[in-house]
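Chains, contacts and geometry: an overview
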Amino acid sequence: MHLVPVSLTYFLEVARTGSVSEAAQTLNVAPSAISRQIAKLEAGVGVPLFVRHPRGMTVTDAGSRLLAHARRSEAESAALVDELRTGRGADVRSVTVACSEGFGRRVVPGALAAFRRAHPDVTFRLDIVPRQEATRRVAEGVADVAATYAMGPQHDVRVECAVVIPVAAIVPSGHELAGRERITLAELSAHPLALGSAGTSQRELFDIGVQLEGLTVRPALVCDALAPQYEFVRSGGGIALVGDLGDLDEGASAEGVAYVRVDHPVFRQREAQIQTMLGRRLPWAASQFTELLVSRLDRRS
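Quick caveat: nothing in here was measured; it's all calculated off a predicted structure. (Residues numbered from 1 in each chain as written. Predicted model: local features only at pLDDT ≥ 70, side-chain atom pairs only at ≥ 80, totals over all residues. Heavy atoms only, no water.)

On to the side chain of T148. The topology assignment puts T148 in strand β5 (residues 145–151). Residue T148 is classed as buried on the basis of its relative accessible area, which comes to 0%. Dropping the residues within four chain positions of it, T148 is found in contact with S100, F103, R131, A134, T135, E271, A272, Q273 and Q275. (Helix = DSSP H or I, 4+ residues; strand = E, 2+ residues; numbered from the N terminus. Buried < 20%, exposed > 50% of the residue type's maximum accessible area, 1.4 Å probe, protein only. Contact = heavy atoms within 4.5 Å.)

Structural data, given as structure tokens:
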């Protein structure tokens, strides 16, 4: 059941897919019905909401503003329907969290456990996704809150907290670099490296840094998942990189690794952020959990 008007439902799907035909297929309705509703919506507001291209449609500036409103309405109506169906009030509900993998190791699971100890009637869904996907899910109301990395201004979400997180090299216990407090990119690049793929923010900044330093690096391993990188390091295959989201403070020796800060200003261009939907009034549980995440991330600054 949807409380959002059908015209906005169709508008949302066309904006998401960029195509009337794809939206019609997803919604299982005739393309002509969607076109009529979009035309009616545009006539009602008095301005075009889409720019029509031969291969699809993109929202105009006015369409972008309506899209933000429609996403908020959809998220809030879905929450209300859930509360009505289950009989749960605003103080008892589930919270959906999206986070990138670095946050999924310690920061977010620790916050989930702490929140559940205080509020055992609140349940969570946690999705580990790439950083841009975490932001998209919050912007579209799929997730209540995101914990992720970002570079540059964020216009589609509300940034509740932003902290520059240092980057560290993960080295095997007993490695020649293990006792160092900091190392340079040149020192790091002299060893076999496990790095994320070119689309990840940390790899992008690393590549910029080595280019600025005039270094040539060929990774020994390219992998976006952290668990294989840690095992690669423990097994003596090389060195990997990680953001300091609590990993450096505890458990390093138990994991068979050590951490050494990488000293280069290029990594300061990336922020760890807690994000929520622009203009949305979060339900009580989601709002309180967001505050807890913010407080835990603030400790890293």
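Moving on to the confidence of the model for the protein. Residues of the protein with pLDDT of at least 70 account for 90%, and the chain-wide mean is 87. For the protein, per-element mean pLDDT is lowest for helix α4 (residues 61–86), which scores 73, and highest for strand β10 (residues 221–222), which scores 96. (pLDDT = per-residue confidence, 0-100.)

Counting buried positions along β5 yields six of seven residues, so the element is predominantly enclosed. Here strand β3 (residues 94–99) pairs with β5 via three bridges, running parallel. Within β5, the residue paired with A98 across the bridge is A146. Relative to strand β13 (residues 270–277), β5 runs antiparallel, the two being bridged by six bridges. Bridge pairing in β13 links A150 to E271. (Pairing = 2+ DSSP bridges.)

Moving on, we get to the pairing of strand β2 (residues 56–59). Along any regular strand, the residues point their side chains to alternate faces of the sheet. As paired elements, strand β1 (residues 50–53) and β2 share four bridges and run antiparallel to each other. In the strand pairing of β2, V51 is matched with T58.

With that settled, consider the pattern of salt bridges. Here the structure, examined in full by the defined rule, presents 13 salt bridges. Here E231 makes a salt bridge to R234, at a shortest N to O gap of 3.1 Å. With E231 and R234 both in helix α10 (residues 226–234) and three residues apart, this pair spans about one turn of that helix. Residue classification places E231 among the partly exposed positions, given a relative accessible area of 42%. When salt bridges with common partners are traced through the structure, they connect R125, D127, E133, R136, R137 and E140 into a single cluster. (Salt bridge = Lys/Arg side-chain N within 4 Å of Asp/Glu carboxyl O.)

Here we take up helix α3 (residues 31–45). Side chains three or four residues apart in an α-helix point the same way, a direct result of the helix having 3.6 residues per turn. Compared with an ideal rise of 1.5 Å per residue, which puts 15 residues at 21 Å, α3 spans 21 Å between its outermost C-alpha atoms and is within 8% of the ideal. Buried within α3 are the following residues: A33, I34, I38, L41 and E42. Considered in projection along α3, the buried side chains sweep an arc of 170° and stay on one side of the axis. Facing away from the buried side of α3, by more than 90 degrees, are the exposed residues R36, K40, A43 and G44. (Expected span 1.5 Å × (residues − 1). Arc of directions from axis to C-beta.)

Our focus in this paragraph is unusual backbone geometry. For residues that are not glycine, phi is negative in most cases, and the peptide bond is trans in most cases. Even without being glycine, N28 reaches a positive phi, approximately 60°. Position of N28 relative to the elements: it lies in the loop between α2 (20–27) and α3. Judged by relative accessible area, N28 falls into the exposed class, the value being 71%.

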